[in-house]
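Chain residues, written in single-letter form:
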Amino acid sequence: MTEAATSLGYEQARDELIEVVRKLEAGGTSLEESLALWERGEELAKVCRHWLEGARARLDSALAAREAEAGGREDRGE
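First, a word on what this report is: a plain description of the structure on this page. Small disclaimer: the values here were computed from a predicted structure and weren't measured. (Residues numbered from 1 in each chain as written. Predicted model: local features only at pLDDT ≥ 70, side-chain atom pairs only at ≥ 80, totals over all residues. Heavy atoms only, no water.)

As a further point, take the overall build of the protein chain. Check the secondary structure of the protein chain and you find three helices and zero strands. Start at the N end of the protein chain and walk to the C end: the helices and strands fall as α-α-α. Relative to its full complement of 78 residues, the protein chain shows a buried share of 14%. Long-range pairs, those at least 24 residues apart, make up 74% of the contacts in the protein chain with a sequence separation of at least 6. Surface accessibility of the protein chain: about 6,100 Å² in total, with carbon and sulfur atoms responsible for 53%. (Helix = DSSP H or I, 4+ residues; strand = E, 2+ residues; numbered from the N terminus. Buried < 20%, exposed > 50% of the residue type's maximum accessible area, 1.4 Å probe, protein only. Contact = heavy atoms within 4.5 Å. Areas by Shrake-Rupley, 256 points an atom, 1.4 Å probe, with all protein chains shown as cover.)

Inspection of the entire model under this criterion finds four salt bridges. For Asp 15, the salt bridge goes to Arg 14, with nearest N and O atoms at 3.1 Å. One salt bridge in this structure joins Glu 16 and Arg 40, with 2.8 Å as the shortest N-O distance. Placement of Glu 16 in helix α2 (residues 10-26) and of Arg 40 in helix α3 (residues 31-75) is noted, with a sequence separation of 24 residues between them. Of the residues examined, Glu 16 reaches a relative accessible area of 28% and is grouped as partly exposed. (Salt bridge = Lys/Arg side-chain N within 4 Å of Asp/Glu carboxyl O.)

With that settled, the discussion passes to the nonpolar core. Of all hydrophobic cores here, the largest spans seven residues; its members are Leu 8, Ala 13, Val 20, Leu 37, Leu 44, Val 47 and Cys 48. For this core, the secondary-structure elements that each account for two or more residues are α2 and α3. What Leu 8 contacts, discounting residues up to four positions off in sequence, is Ala 13, Glu 16, Arg 40, Leu 44, Val 47 and Trp 51. (Core = buried A, V, L, I, M, F, W, Y, C linked by side-chain atoms within 4.5 Å.)

Turning to α2, a few remarks are in order. Over its 17 residues, α2 runs 24 Å from end to end, which matches the ideal 24 Å to within 8%, given 1.5 Å per residue. In the stretch just after α2, Gly 27 is the one whose phi turns positive, near 75°. (Expected span 1.5 Å × (residues − 1).)

Coordinates in, geometry out; function isn't part of it.
Structure follows, in structure tokens:
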């Protein structure tokens, strides 16, 4: 991922990716423009995936901590 791409937030990358897909689906672009759009779309998809994987890791961590806490209370008879 490029440094510029990693500075994008999830929503910004998602919105730009939607626009890239819209342009590709509309057609009317040269081969060179289409390839540039496709490459940008791939980069944006990586940014979105990065954010989503980070969110999943945070959720998994929070759930594991909550389960560990609940297990500790059960061990103490609470």
